[in-house]
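# Structure assessment
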Amino acid sequence: MQNIATLWTTLDPRRRIIIILAGIAMFAAVLGLSRMATAPSLNLLYAGLESGPAGEVVRALEQRGVTYEVRGGAIFVDSAQRDTLRMTLASEGLPSNSSQGYELLDTLSGFGTTSQMFDAAYWRAKEGELARTIVSNPAIVAARVHIANTGSNPFQRDVRSTASVMITSAGGDLPAKQAQALKFLVASAVAGLTADDVSIIDSSGGLIGGAEEAPSNAGEDRSDALRQRVQRLLEARVGPGNAVVEVSVDTVKTTEMIREKTIDPDSRVAISIDTEERTNSASDEGGGDVTVASNLPDGDGAGGDGSSSQTNETRERINYEVSQTEREITQAPGAIKRLSVAVLVNGTVAAGADGAENFQPRSDAEMEALRDLVASAVGYDETRGDVITLKSLQFEPLTVSGTAAAPSFWSTLGLDVLSLIQAAVLAIVALILGLFVIRPILSPPRTASTPALAAPGTANQAAPDAKEQAPQASLTGEIDTSDMDEASLPVVSGRSAITASQAAGEDPVARLRGMISGRQEETVEILRTWLEGEEESA
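Residues numbered from 1 in each chain as written. Predicted model: local features only at pLDDT ≥ 70, side-chain atom pairs only at ≥ 80, totals over all residues. Heavy atoms only, no water.

An unreviewed UniProt entry lists the protein chain under the name Flagellar M-ring protein, from Roseovarius nanhaiticus. Note on the protein chain: under the UniProt heading Sequence similarities (unreviewed entry), the record states "Belongs to the FliF family." (UniProt positions renumbered as here; feature names shortened; annotations may be inferred.)

The following block contains the structure:
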């Protein structure tokens with residue numbers, strides 16, 4: 001501490017200010033790095049919870065002493081504890097759904113509960129159970145169900161039960177197929193309710209699956225499906241971006257009912273045969289008329305005239321059944337009346353004799369093969385009036401407007417920017433600690449001039465000014481006694497001069513030790529100068 005205090009007193013005010021600021025910056029950086037190192041990595045635990053369930057989850061985390069952070073409507077916890085906390089909270093029924101189900105009926109008692117109160121609680125429980133079932137779909141975040149029950153009033157006629165479902169989807173609008181499934185789910189859970197009487201409403205998209213939406217986009221959806229099918233088929237041959245497909249579907253937009261009755265006269269079957277026979281006989285004896293001859297006793301009139309007749313008649317009746325066909329055809333909207341397909345295919349590029357690239361359209365055989373593929377993909381029907389147009393033309397290059405988006409240098413390296421920032425801050429702190437804190441404290445204050453050792457024979461002479469001194473040669477630690485007159489060495493620290501005869505019998509190391517012990521302060525200055533010279537040269 002005494003050495004540090006001595007060094008501090010020898011520093012000038014500017015260096016003191018630098019050391020103080022460097023120490024404060026180092027302390028702040030170390031504190032920030034330690035906080036970043038000790039702070040846990042937070043990951044999402046739950047999001048989109050209502051206030052009640054979110055408060056229950058926060059209270060459960062506080063009871064367990066878990067570090068958490070609330071950001072908007074999301075709760076973040078330590079990534080190492082996230083999965084464990086989810087399973088633990090789920091075992092406790094958290095986060096609980098705000099809509100209550102059949103547990104509402106458990107709170108009702110037989111005393112003081114009227115039938116109207118029980119019916120209201122029952123339908124509340126029914127709505128809550130349906131909402132729970134709907135929210136179990138991953139695509140739905142929240143749901144509310146409202147059921148308009150007609151009750152058991154015998155004086156109400158022609159009143160149907162209806163229901164409405166309000167949902168909040170996780171991302172985008174809910175598809176019409178899922179909305180239709182929700183309709184059947186609610187209709188099947190409520191007695192006397194049909195799917196047509198259930199309305200599905202999305203918080204962002206409005207009514208889903210309305211009756212008026214069915215015929216409007218049927219042709220467009222079919223056109224998109226056929227276009228994607230043909231595009232995928234052609235790009236497998238000509239390559240991506242070398243084919244443009246447009247499909248136009250003319251659909252039936254009206255409902256038509258046709259009744260036909262066909263009778264075939266050639267195909268008849270006898271179902272009954274009736275045969276009738278009649279025989280008629282008649283005779284005439286004569287004498288019916290009074291004449292002169294009839295008055296004569298034995299005349300010609302006594303014999304008389306007689307005649308007889310007989311008639312036979314046969315009648316046959318055959319009943320036939322003629323075959324007939326009756327048909328009733330109902331054409332609903334959406335049937336295809338006519339199909340038009342336009343396909344534009346890019347040609348090929350071939351190098352000419354001069355080395356330039358020349359456009360070449362595709363061959364007729366290839367175009368015919370592509371046409372057959374397109375006809376099979378769209379269901380081509382010539383009798384229906386379908387048209388397929390296939391051409392091979394050169395595509396014009398597209399000019400890119402603006403600046404093309406390119407990945408950054410850091411994204412191509414695949415490095416974590418936050419980790420790099422932490423490493424850079426740590427390196428800066430280490431550099432500041434080494435240059436501005438440790439080195440100024442350990443290094444001694446620089447003097448204006450460093451006194452040099454007096455040459456032999458000039459020890460008692462006054463040393464010249466430091467600015468006028470010539471640069472001294474670097475010391476190697478070895479004593480050169482070739483040009484040294486040991487007899488003329490001055491007396492140091494009151495000791496007797498060493499004679500030439502005494503010096504001749506002594507060891508040079510012992511003589512060096514004696515010189516160091518006699519001139520300790522100057523020796524320390526020389527050693528310190530060596531150390532500083534090695535640091536600066538390094």
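So much for the structure itself; the text now carries on.
## Examining the sheet that holds strand β3 (residues 74–78)
If you trace the three strands from one edge of the open sheet to the other, you get β1-β3-β2, paired in antiparallel fashion. Lying at the two open borders of the sheet, with one neighbouring strand each, are β1 (42–47) and β2 (68–71). For this sheet, the mean angle separating the axes of adjacent strands, direction not counted, is 30°. Of the pairings in the sheet, the one linking β2 to β3 comprises four bridges and is antiparallel in character. Residue pairing in the sheet places Glu-69 in a bridge with Phe-76 of β3. Running at roughly 20° to β3, helix α3 (residues 51–64) makes contact with β1, β2 and β3 of the sheet. (Pairing = 2+ DSSP bridges. Helix = DSSP H or I, 4+ residues; strand = E, 2+ residues; numbered from the N terminus. Axes fitted to C-alpha atoms, helices over the stretch in contact; angles between N-to-C directions. Contact = heavy atoms within 4.5 Å.)

## Observations regarding a nonpolar patch on the surface
A cluster of nonpolar side chains, contributed by Trp-8, Ile-17, Ile-20, Leu-21 and Ile-24, occupies part of the molecular surface with about 500 Å² of accessible area. Mapped onto the secondary structure, Ile-17 falls in helix α2 (residues 13–38). (Patch = residues over 30% accessible without salt bridge, like charges linked within 9 Å, V, L, I, M, F, W, Y side chains within 5 Å. Areas by Shrake-Rupley, 256 points an atom, 1.4 Å probe, with all protein chains shown as cover. Salt bridge = Lys/Arg side-chain N within 4 Å of Asp/Glu carboxyl O.)

## As for the packing of helix α5 (residues 115–135) against helix α6 (residues 176–189)
The contact between α5 and α6 brings their axes to 11 Å, and the two run at 150°. The angle between α5 and α6 places the two elements in the roughly antiparallel class. Once α5 is placed against α6, the crossing between them reads as right-handed. Facing α5, whose interface residues are Lys-126, Leu-130, Thr-133 and Ile-134, α6 presents Leu-182, Leu-185, Val-186 and Ala-189. Residues of the contact of α5 with α6, tallied by class, amount to six nonpolar, one polar and one charged. (Parallel < 35°, antiparallel > 145°, perpendicular 65-115°, else oblique. Left-handed = near helix turned anticlockwise from the far one by under 90°. Nonpolar A, V, L, I, M, F, W, Y, C, P; charged D, E, K, R; others polar.)

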